[in-house]
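One-letter residues, chain by chain:
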2 protein chains.
Amino acid sequence: MGATKTDHFSEEQNKLAIMMKALGHPARIAIMEHLISVDSCICGDLVNVLPLAQPTVSQHLKELKNAGLIKGNIEGTAICYCVDKDAIAELQRYLANTTLQLEHKEKSCC
Amino acid sequence: MGATKTDHFSEEQNKLAIMMKALGHPARIAIMEHLISVDSCICGDLVNVLPLAQPTVSQHLKELKNAGLIKGNIEGTAICYCVDKDAIAELQRYLANTTLQLEHKEKSCC
DNA sequence: ACATTATATCGTAATATTGCAATATAGTAT
DNA sequence: ATACTATATTGCAATATTACGATATAATGT
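Given the structure is predicted, the values throughout are model-derived calculations rather than measurements.

Okay, the nonpolar core next. Counting residues in each nonpolar core, the largest one holds 62 residues, and the members touching the most others are Leu 69 of chain A together with Leu 69 of chain B. Non-local contacts of Leu 69 of chain B, meaning those with residues more than four positions away in its chain, are made with Met 19, Ala 22, Leu 23, Met 32, Leu 64, Val 83, Asp 84, Ala 87, Ile 88 and Leu 91 of chain B.

Caution is warranted with low-pLDDT regions, since their predicted coordinates should not be read in detail. In this model, chain A carries a mean pLDDT of 87, and residues with pLDDT of at least 70 account for 84%. Put simply, strand 1 (residues 70–75) of chain A is where chain A has its lowest mean pLDDT, 79, and helix 1 (residues 11–22) of chain A is where it has its highest, 97.

At an RMSD of 0.0 Å, chain A and chain B line up after a rotation of 180° and a shift of 0.0 Å along the axis. The operation mapping one copy onto its partner corresponds to a two-fold rotation axis.

Mapped onto the elements, Asn 14 of chain B comes out in helix 1 (residues 11–22). For Asn 14 of chain B, a relative accessible area of 14% corresponds to the buried category. Beyond its immediate chain neighbours, meaning those up to four positions away, Asn 14 of chain B contacts Pro 26 of chain A together with Thr 6 and Phe 9 of chain B.

Right, let's talk about the interface of chain A and chain B for a bit. The interface is formed by 49 residues belonging to chain A together with 49 residues belonging to chain B. Approximately 4700 Å² of surface area, both sides summed, lies buried where chain A meets chain B, with 69% of it carried by carbon and sulfur atoms. If you look at where chain A meets chain B, you find 6 residue pairs in polar contact (both at pLDDT 80 or more). Looking at the side of chain A that touches chain B, the elements that each hand over two or more residues are helix 1, helix 2 (26–37), strand 1, strand 2 (78–83) and helix 5 (85–104) of chain A. With 11 residues, helix 5 of chain A is the single largest residue contributor to the side of chain A that touches chain B. Residue composition of the side of chain A that touches chain B, grouped by class: 28 nonpolar, 12 polar and 9 charged.

Scoring rules and cut-offs
- Sequence positions are assigned chain by chain, starting from 1 and proceeding in written order.
- Following the order in which they are written, the chains are lettered starting with A and the ligands numbered starting with 1.
- Whole-chain, interface and lining totals are the exception, using all residues; otherwise, since this is a predicted model, local features are given only for residues with pLDDT of at least 70 and side-chain atom pairs are given and counted only at 80 or more.
- Water and hydrogen atoms were dropped before computing side-chain values, which therefore reflect all heavy atoms in the structure.
- In this text, buried Ala, Val, Leu, Ile, Met, Phe, Trp, Tyr and Cys residues form a nonpolar core when linked through side-chain atoms within 4.5 Å.
- For every residue, the accessible area obtained with a 1.4 Å probe (protein chains only) is divided by the maximum for its type, and the residue is called buried under 20%, exposed over 50%, and partly exposed between those limits.
- Residue contacts follow a heavy-atom distance rule, with two residues in contact if any of their heavy atoms lie within 4.5 Å.
- pLDDT: the predictor's confidence for each residue, scored from 0 to 100.
- Each helix is a run of DSSP H or I of at least 4 residues and each strand a run of E of at least 2, with the numbering of both proceeding from the N terminus.
- We place the copies in one frame by least squares, fitting the C-alpha atoms of every residue whose pLDDT is at least 70 in both.
- Accessible area, probed at 1.4 Å, shrinks when two parts are joined; the buried area is that loss added up over both.
- Side-chain atoms alone can form a polar contact between residues adjacent in sequence; in general such a contact is a pair of N or O atoms within 3.5 Å, and within protein one must be able to donate a hydrogen while the other accepts it.
- Residue classes follow a fixed rule: Ala, Val, Leu, Ile, Met, Phe, Trp, Tyr, Cys and Pro count as nonpolar, while Asp, Glu, Lys and Arg count as charged, and any other residue, Gly among them, counts as polar.

The following block contains the structure:
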């Protein structure tokens, strides 16, 4: 026990959960926000921006990348990380659809 | 170590991360989807719907409630859980805004 | 009062995450 | 070749999460 029973859920549910989980940490929210706010996406300054040590930032970046939320390219000496628009769009669509479904609901007891 | 450094991030970043984290598990995605799809929100059937034992489901519900994503009312013998529309709307707005920001971005190297 | 039903809590084992120091890797510059 | 800079990986300690059996709680029905 302790391991998530991913095989019991749909592929879509697992994929969504993976993306949500990746965003489920304030440092990773901050990373995403910084990647978006900076117009370019050369991101060597992330370590200076965040209150975390370099290996920790690197690890968070890896997790965001594994979840498909960011992409990384080698760009000469530095590495270029940037947000994967499609992944964010997918999350956004899901939540927009959820919101719609909720608006159409009548009976609500809480 | 091991504990998230919440005090180093903004309140909004922490709040978002808490909600995202709550959705970062396929069982909790499934719970939300079920709560939304069922027109009423008396939810004694959740245990039958999910491939998890009753205490586990109860624990997931508690986490969703702690994150502010669902509300629970005692409804006679059963307990009525339902989605907190405002919380979902908040998440949705955040992602919609993020998507907008991404659309306006020109330079993208990945 | 007693059984039944529905949900919550406790305790605990297995596993995962978080954070960082130390070290490795890879590219650039001298 | 050597030093420098930027990022990744390793190893490890502290903490958190996941899952569930056992048990508790609380309301209903008989």
